[in-house]
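Chain and residue survey
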Amino acid sequence: MDLSSKRVAELESELADTIARYQALIDSVDDGIWMVDEQHRNVLINEFAFKGFGKHYGVEIKTGTKPQEIAPGQEGDDWSEAYDAVLGGECRQVEHMARDGNIYWTKMQPVPLPNGQKAVSIFTRNVSDLRKAQEALRESEERFRLLFEKNHSVMLIIDPATARIVDANPAAAQFYGYDRPKLKTMLTTDINANLSPE
């Protein structure tokens, strides 16, 4: 079938439009997205990853760039090793700290291409704020736990829906005369019924 040059031009224009829309879509995401082929060359990269790589490594990332050109030495070798594992069918998820101190979560997974070849899709997200919030929560929980455990006042944590004692501090165990594991099997009505009126 012979296509007219006009029809070929129309198809090329439609393809260019589709590619531009696709690139605009992935560029609108505030996460890094890129893809490497079987030779570990970048074949697709969004704006977030492009800027991030440039800032992190001080190099311009282009289509066809390999890991060792971005990060010479062990880091580039580590990326290549990970790409090989993913091309072999394995999925990888890692967290790493960038040179700027930010923490990034990265997921790599294999992608079969229509031409029968394989590629690796990579998604990365800055999780620094999330990790800081988790650490602050952990510290807050630890402070609460210490306050609860060391307090000389009777303290119980009670499930309001069931009246079940979820936890009791040592002062409560001493006051009610039950060890803590036993208290955690009881309802507030159980311990209140055992208190004699004064």
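Before reading on, note that the structure itself is shown above.
An account of the accompanying structure is given in this report. (Residues numbered from 1 in each chain as written. Predicted model: local features only at pLDDT ≥ 70, side-chain atom pairs only at ≥ 80, totals over all residues. Heavy atoms only, no water.)

**Observations regarding helix 2 (residues 47–57)**
Where helix 2 is concerned, the buried positions are A49, F53, H56 and Y57. With its buried residues spanning 75° around the axis, helix 2 presents them on a single face. Exposed and oriented more than 90 degrees from the buried face of helix 2 are K51 and K55. (Buried < 20%, exposed > 50% of the residue type's maximum accessible area, 1.4 Å probe, protein only. Helix = DSSP H or I, 4+ residues; strand = E, 2+ residues; numbered from the N terminus. Arc of directions from axis to C-beta.)

**Some thoughts on empty space enclosed by the protein**
All chains considered together, the criterion is met by 1 cavity of 30 Å³ or more. Estimates place the volume of the largest cavity at around 90 Å³. Along the walls of the largest cavity sit 13 residues, with F53, P67, I70, W79 and Y83 positioned nearest its centre. Those elements that provide at least two residues to the lining of the largest cavity are strand 1 (32–36), helix 2, helix 3 (67–70) and helix 4 (74–87). (1 Å grid on protein atoms, 1.4 Å probe; cavity = no way out; pocket = protein on both sides within 12 Å on 5 of 7 lines; lining within 4 Å. Points joined across faces, edges and corners; volume = space filled by probe spheres on them.)

**Digging into the sheet that holds strand 3 (residues 92–97)**
Reading across the sheet, the 5 strands line up as 2-1-5-4-3 and stay open at both edges, with antiparallel pairing between neighbours. Sheet topology places strand 2 (42–45) and strand 3 at the edges, where each strand pairs with a single neighbour. Taking each pair of neighbouring strands and ignoring which way they run, the sheet shows an average axis angle of 20°. Judged from the 6 bridges that link them, strand 3 and strand 4 (residues 103–112) form a sheet pairing that is antiparallel. Bridge assignment links H96 to a residue of strand 4, and that residue is Y104. (Pairing = 2+ DSSP bridges. Axes fitted to C-alpha atoms, helices over the stretch in contact; angles between N-to-C directions.)

**What to know about the layout of surface pockets**
In this approach the atoms are scanned with a rolling probe the size of a water molecule, which exposes any empty space left behind. Taken as a whole, the largest pocket encloses approximately 350 Å³ of empty space. The wall of the largest pocket is formed by 16 residues, among which F48, G52, F53, H56 and Y104 lie closest to the centre. Tallied by class, residues from the lining of the largest pocket come to 8 nonpolar, 5 polar and 3 charged. (Nonpolar A, V, L, I, M, F, W, Y, C, P; charged D, E, K, R; others polar.)

**Concerning the nonpolar core**
Ranked by size, the top nonpolar core spans 17 residues in total, and within it W34, F53, Y83, M108, V120 and I122 carry the most contacts. The set of elements that each furnish at least two residues to this core consists of strand 1, helix 2, helix 4 and strand 5 (118–126). At 5 residues, helix 4 tops the list of elements feeding residues into this core. Setting aside its immediate chain neighbours within four residues, Y83 contacts W34, V36, H40, P67, M108, V120 and I122. I165, A173, Y176 and I191 belong to the second largest nonpolar core, which has 8 residues in total. (Core = buried A, V, L, I, M, F, W, Y, C linked by side-chain atoms within 4.5 Å. Contact = heavy atoms within 4.5 Å.)

**So, the side chain of D167**
One can find D167 in strand 7 (residues 165–168). One polar contact links D167 to R145, side chain to side chain, over a distance of 3.0 Å. Separated by 3.5 Å, the side chains of D167 and R180 make a polar contact. (Polar contact = N/O pair within 3.5 Å; in protein donor to acceptor, adjacent residues only side chain to side chain.)

**Notes on the packing of aromatic side chains**
A complete count under the given rule lists 4 aromatic pairs for this structure. Measuring from ring centre to ring centre gives 5.9 Å for F144 and F148, while their planes differ by 25°; the resulting arrangement is stacked. Remark: F148 and F144 occur in helix 5 (residues 128–150); sequence separation between them is 4 residues, near one turn of the helix. Here the aromatic rings of F175 and Y176 are separated by 4.9 Å at their centres, their planes lie at 85°, and the arrangement is edge-to-face. Among the aromatic residues, ring-to-ring pairing joins W34, W79 and Y83 into one connected group. (Phe/Tyr/Trp six-rings, centres within 6.5 Å; stacked < 30°, edge-to-face > 60°.)

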